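Given next are the chains, with one letter for each unit.
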Protein chains: 2
Amino acid sequence: MSVPAVIPFKPKNPKTRLSCVLEPEEREKFAALMLCDVVVAAREGGSDPFILATEPFSFGETPVVHDDRGLNEALNDLISRTPGPLLIIMADVPLTSPEAVRELISTTADIAIAPGRGGGTNAVYLSRADRFQVSYYGPSFQKHLMIAQERGLSCEVIDSFLVHTDVDEKEDLAELLIHGKGMSSRYLRELGFAISAEKGRVGVVRDRSSTT
Amino acid sequence: MSVPAVIPFKPKNPKTRLSCVLEPEEREKFAALMLCDVVVAAREGGSDPFILATEPFSFGETPVVHDDRGLNEALNDLISRTPGPLLIIMADVPLTSPEAVRELISTTADIAIAPGRGGGTNAVYLSRADRFQVSYYGPSFQKHLMIAQERGLSCEVIDSFLVHTDVDEKEDLAELLIHGKGMSSRYLRELGFAISAEKGRVGVVRDRSSTT
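Just so we're clear, the structure is a prediction, and the values are computed from it rather than from any experiment.

Observations regarding the overall build of chain A
For chain A, the helix and strand inventory stands at 7 helices and 9 strands. The C-alpha atoms of chain A give 17 Å as radius of gyration, which agrees with the globular expectation for 212 residues (17 Å, within 12%). Judged by the C-alpha coordinates and their principal axes, chain A covers about 55 × 40 × 30 Å. For chain A, the residues scored as buried account for 58% of the 212 residues in total. Of the contacts formed within chain A by residues at least 6 apart in sequence, a portion of 60% connects residues at least 24 apart. Here chain A contributes 23 positively and 30 negatively charged side chains, and the mean placements of these two sets differ by 2 Å.

Shown next, in the form of structure tokens:
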């Protein structure tokens, strides 16, 4: 039996911190393509993805559950009704590999967490979901470690930069352009984005003349 | 026989992009403690670390080679004289785990690269060093992939956020405070650094009253 993987998603006005480089419709399309990359990796990694959407939404053959409550409320309600395993993975980690998903869901610990940049939690696998409770926003990685400890659950930290790389801000696009092989990185290239070699880390530039 | 691991290091005026939060002597001490964390991980991961320093420098029992040329020149000279395996790992990746080092040096490919944030190369393992040539600075990850391809060398990309996290700028300190268990993160805490929960990602604050 494959492990269900829930991917929370906000179809309307997503990724507002990318407004400086993407038009509203581009942000919506880009967010949906990142979601698509995550769905593919989750499926290839051996889990069975479905989407938890804040608005009514359809996404090909992937099941969608609509819940307009906040992220924590919607997820904790789902978790409380899941006495088996559950993988929770964010929709904005398009570099996620099938190998990383496999590593998460094959942990021998009670839970496995793949941290996100800046203290977040980009993926968490719960071997028995209803024993846990999530608390996203802010330093959620540390909050989740604490919740696991309070409940006596063992926890493995998954060391993956591909899952660690959430795409929120302009400079995150550089990682996607460098390492991405999926649909979201292809879309960025189509929109004219390219990496720019600056002095230290590589940045991104957009050539709007090449916008299709 | 264990694999030699070279760690390039600049003892004087290191990490200038941290000048906004660290005094010059603090930067020197912090850089040396990050180096120490890398040396420990390299050794525990099964390699035999030595330091390639831009200035005469001593570092306990760890061997130091002094070469005041630029990073690429010094490394390529060393590489050309190394017909066996060599791991090159940066001194500013203090989260590096022994597991990641083990994964690098046990690749079945000709080379294994652990990319750094923003297009860099934070660790590269060469199964036979003298067949390769390094080209650091700018988008070195992509340059190294290209060099491998030109020379017909197979390449594995190592997916580790612990090695991916190089510490150059203030916000990078947050990762170290969240995930660090070594000497460099302890030193930051002693200096009064703590994570601050902002709206999106976690940041860092420094309480200078607690400076020892």
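Some points on the environment of Val163 of chain A
Residues and elements named next belong to chain A. Following the sequence through the fold, Val163 ends up in helix α5 (residues 161–164). Look at Val163 and you get buried, because its relative accessible area is 1%. Between the alpha carbons of Val163 and Ala148 there is a distance of 20 Å; along the sequence they are 15 residues apart. Those residues within four positions of Val163 in sequence are excluded, and the remaining contacts are Val93, Thr96, Ala100, Ala114, Pro115, Asn122 and Ala123.

Topic: the nonpolar core
The tendency in soluble globular proteins is for nonpolar side chains to be buried side by side. Core analysis: the largest hydrophobic core is formed by 88 residues, its most contacted members being Phe30 and Ile88 of chain A together with Phe30 and Ile88 of chain B. If near-sequence neighbours (up to four positions away) are discounted, Phe30 of chain A is found in contact with Leu18, Leu22, Val167, Leu173, Leu176, Ser184, Tyr187 and Leu188 of chain A. Core analysis: the next-biggest nonpolar cluster, separate from the first, contains 27 residues, Ile51, Ala53, Ala100 and Ile105 of chain B among them.

Structural notes on the relation of the copies chain A and chain B
Placing chain A over chain B gives an RMSD of 0.0 Å and needs a rotation angle of 180°, together with 0.0 Å of translation along the axis. Seen this way, the second copy is the image of the first under a two-fold rotation axis. Looking at the rotation axis and the C-alpha trace of chain A, the residue lying nearest is Phe161 of chain A, at 1.9 Å. The share of interface residues of chain A whose copies in chain B are also at the interface is 97%, consistent with both copies meeting through the same surface.

Quick notes on the pairing of strand β6 (residues 121–126) of chain B
All names here are of chain B. The buried count for β6 comes to 6 of 6 residues, which makes it a mostly enclosed element. Pairing geometry for strand β4 (residues 86–89) and β6, over 4 bridges, is antiparallel. Within the sheet, the bridge partner assigned to Leu87 lies in β6 and is Tyr125. The sheet contact formed by strand β5 (residues 111–115) and β6 spans 5 bridges and is antiparallel.

Let's talk about the environment of Gly60 of chain A
Residue and element names in this part refer to chain A. Tracing the sequence through the fold places Gly60 in the loop between β2 (47–53) and β3 (64–66). For Gly60, a relative accessible area of 77% puts it in the exposed group. Placed 24 residues apart in sequence, Gly60 and Cys36 show a C-alpha to C-alpha distance of 9.9 Å.

So, the sheet that holds strand β7 (residues 155–157) of chain B
Residues and elements named next belong to chain B. Read from one edge to the other, the open sheet built from 7 strands follows the order β3-β2-β1-β4-β6-β5-β7, with strand pairing classed as mixed. Every other strand in the sheet has two partners, leaving β3 (64–66) and β7 as the edge strands with one partner each. Averaged over all pairs of adjacent strands, the angle between their axes in this sheet comes to 20°, without regard to strand direction.

Quick look at the interface of chain A and chain B
With 31 residues of chain A at the contact, the number on the chain B side is 30 residues. Note on chain A versus chain B: buried area summed over both sides is about 2600 Å², and carbon and sulfur give 50% of it. Applying the counting rule to chain A against chain B returns 12 residue pairs in polar contact (both at pLDDT 80 or more). Split by residue class, the side of chain A that touches chain B holds 11 nonpolar, 11 polar and 9 charged.

A word on the confidence of the model for chain A
Per-residue confidence for chain A averages 95 on the pLDDT scale, and 97% of its residues sit at or above 70. This complex was scored by the predictor with a pTM of 0.95 and an ipTM of 0.93.

So, the sheet that holds strand β6 (residues 121–126) of chain A
Residues and elements named next belong to chain A. Reading across the sheet, the 7 strands line up as β3-β2-β1-β4-β6-β5-β7 and stay open at both edges, with mixed pairing between neighbours. Looking along the sheet, the strands with just one partner apiece sit at the ends: β3 and β7 (155–157). Between one strand and the next, the sheet's axes are offset by a mean angle of 20°, whatever the strand orientation.

Points about the packing of aromatic side chains
Inspection of the entire model under this criterion finds 4 aromatic pairs over all chains. Judged by centre distance (5.7 Å) and plane angle (25°), the ring pair of Phe57 of chain A and Phe59 of chain A falls under stacked. When its relative accessible area of 17% is taken as the criterion, Phe59 of chain A is described as buried. Considering the side-chain rings of Phe9 of chain B and Phe57 of chain B, the 5.2 Å spacing of their centres and the 40° angle between planes classify their relative orientation as tilted. Here the residue Phe9 of chain B occupies a position in strand β1 (residues 3–9), and Phe57 of chain B occupies one in the loop between β2 (47–53) and β3, the gap between them amounting to 48 residues. Among the residues examined, Phe9 of chain B registers a relative accessible area of 6% and is labelled buried. Grouped by ring-pair contacts, the aromatic residues Phe9, Phe57 and Phe59 of chain A constitute a single cluster.

Details of the side chain of Asp159 of chain B
For Asp159 of chain B, the position within the fold is in the loop between β7 and α5 (161–164). At a separation of 2.6 Å, a polar atom in the side chain of Asp159 of chain B contacts the side chain of Ser160 of chain A. A distance of 2.6 Å separates a polar atom in the side chain of Asp159 of chain B from the backbone nitrogen of Phe161 of chain A. Filtering out sequence-adjacent residues up to four positions away, Asp159 of chain B remains in contact with Ser97, Ala100, Asp159, Ser160, Phe161 and Leu162 of chain A.

Criteria and thresholds
Residues numbered from 1 in each chain as written. Chains lettered and ligands numbered in written order. Predicted model: local features only at pLDDT ≥ 70, side-chain atom pairs only at ≥ 80, totals over all residues. Heavy atoms only, no water. Helix = DSSP H or I, 4+ residues; strand = E, 2+ residues; numbered from the N terminus. Rg over C-alpha atoms; globule rule 2.2 N^0.38 Å. Buried < 20%, exposed > 50% of the residue type's maximum accessible area, 1.4 Å probe, protein only. Contact = heavy atoms within 4.5 Å. Lys, Arg positive; Asp, Glu negative; His and termini not counted. Charge placed at Lys NZ, Arg CZ, Asp CG, Glu CD. Core = buried A, V, L, I, M, F, W, Y, C linked by side-chain atoms within 4.5 Å. Least-squares fit on C-alpha atoms with pLDDT ≥ 70 in both. Pairing = 2+ DSSP bridges. Axes fitted to C-alpha atoms, helices over the stretch in contact; angles between N-to-C directions. Buried area = accessible area lost by both parts, 1.4 Å probe. Polar contact = N/O pair within 3.5 Å; in protein donor to acceptor, adjacent residues only side chain to side chain. Nonpolar A, V, L, I, M, F, W, Y, C, P; charged D, E, K, R; others polar. pLDDT = per-residue confidence, 0-100. Phe/Tyr/Trp six-rings, centres within 6.5 Å; stacked < 30°, edge-to-face > 60°.

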